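# Examination of the molecular architecture
Single-letter residue listing:
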Amino acid sequence: MQNSPDLLIITDADCVFQITHDHFPDITNSIENGNLMVLGYEDWRNNEQIQLKSKPLCNGNDIYILNPYTNRYIQASDSEILDLFCEDKSLVVKEALVWMGAKHIIVEDEVSDKDTIKGGLKIDASTANGIGGSLNTTFSRITSVNIKNTIESEDFERKAKSFNEVKSYMQTHGLSGDTKLTLLCDRLKVDGKLSGKERYTLSYLNEVDFALKVLASINYKVFSSSLDFSLEHNHIHSITKSLLIEF
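Reading the values: rules and limits
Residues numbered from 1 in each chain as written. Predicted model: local features only at pLDDT ≥ 70, side-chain atom pairs only at ≥ 80, totals over all residues. Heavy atoms only, no water. Helix = DSSP H or I, 4+ residues; strand = E, 2+ residues; numbered from the N terminus. Buried < 20%, exposed > 50% of the residue type's maximum accessible area, 1.4 Å probe, protein only. Contact = heavy atoms within 4.5 Å. Areas by Shrake-Rupley, 256 points an atom, 1.4 Å probe, with all protein chains shown as cover. Salt bridge = Lys/Arg side-chain N within 4 Å of Asp/Glu carboxyl O. Phe/Tyr/Trp six-rings, centres within 6.5 Å; stacked < 30°, edge-to-face > 60°. Axes fitted to C-alpha atoms, helices over the stretch in contact; angles between N-to-C directions. Parallel < 35°, antiparallel > 145°, perpendicular 65-115°, else oblique. Left-handed = near helix turned anticlockwise from the far one by under 90°. 1 Å grid on protein atoms, 1.4 Å probe; cavity = no way out; pocket = protein on both sides within 12 Å on 5 of 7 lines; lining within 4 Å. Points joined across faces, edges and corners; volume = space filled by probe spheres on them. Nonpolar A, V, L, I, M, F, W, Y, C, P; charged D, E, K, R; others polar. Pairing = 2+ DSSP bridges. Core = buried A, V, L, I, M, F, W, Y, C linked by side-chain atoms within 4.5 Å.

Another point: the overall build of the protein chain. When helices and strands are tallied, the protein chain shows eight helices and 11 strands. A burial count over the protein chain gives 49% of its 247 residues as buried. Relative to all contacts within the protein chain whose residues are 6 or more apart in sequence, the contacts with residues 24 or more apart total 74%. Only carbon and sulfur atoms are counted for the fraction: they give 46% of the accessible area of the protein chain, which is about 12,000 Å².

What follows is the structure in C-alpha cells.
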C-alpha cells in the first residue's frame, strides 16, 4: 500500500473499458503517472489489499483519497475527511518523535486556519454531505483542540529506538518524504541518540489538496455528471501547528 496512488475511483465495467482503451487520455496519463487508480466494482471486491473507510455506494461518485498515515482510502465526499487526515497525521508524527526518543512535545501555537490555497475543498458546513458531488466539509475547532491533546507528550525516561526501527516506522506511516523528520532520523543513525530542543512545523492537508488538483485536471464527468471538482469551485484551508520538541 505504500506506493498506492493518491486517488482511487471505483466505477462500472463499461467506464473501466473505455479508460483502458484510451478513450480518455487525461485519465490514462494520471494512471500512468501513478496518481490515480481506476477499478471496476468486481475488481475492487476481489482486491484484498485496498482498504476503504466506507464501502462504495455504486452511484458514480465513488472517489477516494488515500490517507497515507493509515494506508486507507477515504471517500472524497466524507464530511469528516479533513478531521481524519489532521488527527491521523498528528498521531503518526508524534509517534515518530517518540520513537526517536523525544521526552517532551508541546504545541507552541494554535491552529492556523487560513482560506488561502485554491484547488481543494469547498468549506461549507451547511452542505457537509457532499451534495451534487462537490466536496463540502469543514475542519472543526473541536478537532483543533483534540489535535493539540493528541500531539503533546511527556516522558523524561523515554529512550530512542534504533535507526532501522524508526526508519521503518516512517516508511510505513507516510512520513518518508518529511525532510525535517528524515534529517532527525539521519542524526539518530550517526549519533545513536538525539539531544537538545528542536522546533518543527506540522502542516496539514497537503495530501488532500494535491489529490483534488489531480481530480480537477481530469475529465471527472466521465464517472458522474453531478461531480464538480473544478478549481474555481473548490479550495482548501491551510492548517499548521508549531511544535517544540525536547530530546
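Following the criterion strictly, the structure yields seven salt bridges and no others. Across the pair Lys53 and Asp78 runs a salt bridge whose closest N-O atoms are separated by 2.8 Å. Placement of the pair is Lys53 in the loop between α3 (41-45) and β3 (63-67) and Asp78 in the loop between β4 (72-75) and α4 (81-99), with a sequence separation of 25 residues. Classification of Lys53 as partly exposed rests on a relative accessible area of 30%. The shortest N-O distance in the salt bridge between Glu108 and Arg199 comes to 3.1 Å.

The next thing to look at is the packing of aromatic side chains. Scanning the entire structure with this criterion turns up one aromatic pair. Centroid distance Trp99 to Tyr169: 4.8 Å. Interplanar angle 35°. Geometry classified as tilted. Of this pair, Trp99 sits in helix α4 while Tyr169 sits in helix α6 (residues 163-172), placing them 70 residues apart in sequence. Using a relative accessible area of 21% as the deciding quantity, one classes Trp99 as partly exposed.

A few words on the packing of α6 against helix α7 (residues 179-191). Look at α6 against α7: their axes get within 9 Å of each other, and the N-to-C directions meet at 165°. By the angle between their axes, α6 is roughly antiparallel relative to α7. α6 and α7 meet at a crossing whose hand is left-handed. Contacts from Phe163, Val166, Lys167 and Met170 of α6 reach α7 at Leu181, Thr182, Cys185, Asp186, Leu188 and Lys189.

Taken as a whole, the largest pocket spans an internal volume of roughly 470 Å³. Along the walls of the largest pocket sit 24 residues, with Pro68, Tyr69, Gly174, Leu175 and Glu207 positioned nearest its centre. Residue composition of the lining of the largest pocket, grouped by class: 10 nonpolar, 10 polar and four charged.

With that settled, the discussion passes to the sheet that holds β4. Strand order across the open sheet formed by four strands is β2-β1-β3-β4, with mixed pairing between neighbours. Each having just a single partner strand, β2 (36-40) and β4 make up the two edges of the open sheet. The average angle at which neighbouring strand axes cross in this sheet is 30°, direction not considered. By the bridge criterion, five bridges tie strand β1 (residues 7-11) to β2 in an arrangement that is parallel. Looking across to β2, one finds that Leu7 is bridged to Leu36. Relative to the sheet, α4 contacts β3 and β4, its axis offset from that of β3 by approximately 15°.

This paragraph deals with the side chain of Ser30. Residue position: Ser30 is located in helix α2 (residues 25-32). You can call Ser30 buried: its relative accessible area is 7%. Not counting residues within four places of it along the chain, the set of residues in contact with Ser30 comprises Asn35, Leu36, Val214 and Ile218.

One non-glycine residue, Asp22, lies in the positive phi region at around 60°. For Asp22, the location among the structural elements is in the loop between α1 (13-20) and α2.

Formed by 58 residues in total, the largest nonpolar core has its most connected members in Ile65, Leu97, Met100, Leu181, Phe223 and Leu243. The element best represented in this core is α4, accounting for 10 residues. In this structure, Ile10, Tyr41, Tyr64 and Tyr73 belong to the second largest nonpolar core, which totals 10 residues.

Bringing the environment of Ile9 into the picture now. Within the secondary structure, Ile9 is located in strand β1. With 32 residues separating them in the primary sequence, Ile9 and Tyr41 have C-alpha atoms 9.7 Å apart. What Ile9 contacts, discounting residues up to four positions off in sequence, is Leu36, Met37, Val38, Leu39, Asp62, Ile63, Leu215, Ile218 and Phe223.

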